[in-house]
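So you can see what is in the structure, the chains are spelled out below.
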Amino acid sequence: MGQTILVTGGAGFIGSNLVRFILENRPDDRVINLDALTYAGNLESLADLMDDPRHEFVHADIADVEKLEGVMPRVDSVLHLAAESHVDRSIHDPSLFLKTNIIGTQVLLDAAKRHGVGRFVYVSTDEVYGELPLDDKSQLFTEETPLKPNSPYAVSKTGGDMLARAYWHTYGMNVSITRCSNNFGAYQFPEKVIPLFVNKLIEGEQVPLYGDGSNVRDWLHVLDHCEAICRVLDDGKPGEAYNIGGNNERSNLELTRMLIDLCGRDESAIKHVEDRLGHDKRYAIDASKIRRELGWEPTRSAWPGALEETVQWYKDNRVWCDHVRSGEYKRFYAQNYSGS
Ligand code: NAD
Ligand code: TYD
């Protein structure tokens, strides 16, 4: 039977892909998409979906109790993605991260509890586990790895993650948590490394590689993430967390070289800049629990093919890139990163 799913942050990178994924793959479900449209939220990412009768957009903050009162009575399940999401911004100014990612999550959980919402999935991150060493590739994050977040962003996501679990433990809410590795794909705001570097390479600029480029990330295609979130929504156990990863570890230098190749540039495009403060060395996911219990596996994440397609998307969507980069993004970078 169909249900009404509240997606928070549905105008962002993963959220817009998730709204599209649900509308395409779950024909009986409806989506209420609640988003504050911060610098990272963009209705242009949803242009093809704005007239879909199964998609309703609500312009609201997750901490706006009145607006939540207006939607929650119609909601069967919540997929909570709305967040401040960029590590560099959190290093510069943590306060908004704590407000949105912790207090906002608590207000949303309370509203869902008040209205007896049947299911709540908190979209967390692998960054809650902290970092792994570069010199021992046998180590992976499992769901049992202690939470040891390092950046203000990761701390704020850990606060939301633990609150979500507490609402299960304390109030018996039907809550599950997903902890995913780095996503790539269409509609990612071009402050994150892949779209940022692709834009700069296309525009003939150098790319700012932090430190020596040895830091490792495990890259997963955003639609594989969307599919995993839906599996957890349907069959995840209450009170449990599920790791999601692409089994696709790459150093930033290796990634940068692949992007340079795909954009027809050479090594002179790399500009080694000062390292990010507290830069986590390596993230790597053991996703055996979601594979074993929910039958999920990544099917769209294999490189170089999936990376090539993503680069092509940014080449083909210059107008989208220009529009989302104008305004707040430009001001932030002009103020904080001039000359780096
Ligand atoms: P994003 O920054 O692209 O999108 C975030 C969205 O949330 C934007 O549309 C923004 O307008 C909205 N938003 C921000 N504050 C809000 C508020 N107070 N009320 C309502 N809406 C608000 O982020 P993303 O990369 O799509 O990430 C989505 C979620 O997935 C986040 O919770 C993030 O922590 C998590 N996550 C991301 C990744 C990744 O690689 N991008 C990996 C794992 C987990
Ligand atoms: P990012 O896309 O910000 O994601 P996260 O910090 O959540 O992993 O960064 C991915 C990696 O790329 C990270 O190790 C930092 C590095 N990076 C750069 O080297 N230069 C940049 O300009 C940015 C934004 C990131």
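Structural data are supplied above this passage.
Residues numbered from 1 in each chain as written. Chains lettered and ligands numbered in written order. Predicted model: local features only at pLDDT ≥ 70, side-chain atom pairs only at ≥ 80, totals over all residues. Heavy atoms only, no water.

Visitor: Please set out helix α5 (residues 152-171) residue by residue, giving values where relevant.
Guide: Since the α-helix advances by 3.6 residues per turn, residues separated by three or four positions end up pointing in the same direction. In this model, α5 (20 residues) spans 28 Å end to end at C-alpha, consistent with the 28 Å of a helix rising 1.5 Å per residue. Every buried residue of α5 is listed here: Y153, A154, S156, K157, T158, G159, G160, D161, A164 and Y167. Those residues of α5 that are buried lie in contact with α3 (87-92), α4 (95-114), β5 (119-125) and β6 (175-180). Just downstream of α5 lies G172, where phi reads positive at about 75 degrees. (Helix = DSSP H or I, 4+ residues; strand = E, 2+ residues; numbered from the N terminus. Expected span 1.5 Å × (residues − 1). Buried < 20%, exposed > 50% of the residue type's maximum accessible area, 1.4 Å probe, protein only. Contact = heavy atoms within 4.5 Å.)

Visitor: How would you explain the nonpolar core if you had to name every residue and give the values?
Guide: By size, the foremost hydrophobic cluster in this structure holds 33 residues, and its most contacted members are V7, L18, I22, L79 and I290. Of all elements in the fold, only β1 (4-8), α1 (13-25), β5, α7 (222-235), β11 (241-244) and α9 (288-294) reach the threshold of two or more residues within this core. Core analysis: the next-biggest nonpolar cluster, separate from the first, contains 29 residues, V207, I260, A306 and V324 among them. (Core = buried A, V, L, I, M, F, W, Y, C linked by side-chain atoms within 4.5 Å.)

Visitor: Explain the packing of α4 against α5 to me, using residue names and the numbers behind them.
Guide: For the pair α4 and α5, interaxial distance at closest approach is 8 Å and the crossing angle is 20 degrees. On the basis of the axis angle, α4 is roughly parallel to α5. The interaxial crossing formed by α4 with α5 has right-handed handedness. On α5, the residues touching F97, L98, N101, I102, T105, Q106, L109, D110 and K113 of α4 are Y153, V155, S156, K157, G159, G160, L163, A164, Y167 and Y171. Its residues assigned to classes, the contact of α4 with α5 shows 10 nonpolar, 6 polar and 3 charged. (Axes fitted to C-alpha atoms, helices over the stretch in contact; angles between N-to-C directions. Parallel < 35°, antiparallel > 145°, perpendicular 65-115°, else oblique. Left-handed = near helix turned anticlockwise from the far one by under 90°. Nonpolar A, V, L, I, M, F, W, Y, C, P; charged D, E, K, R; others polar.)

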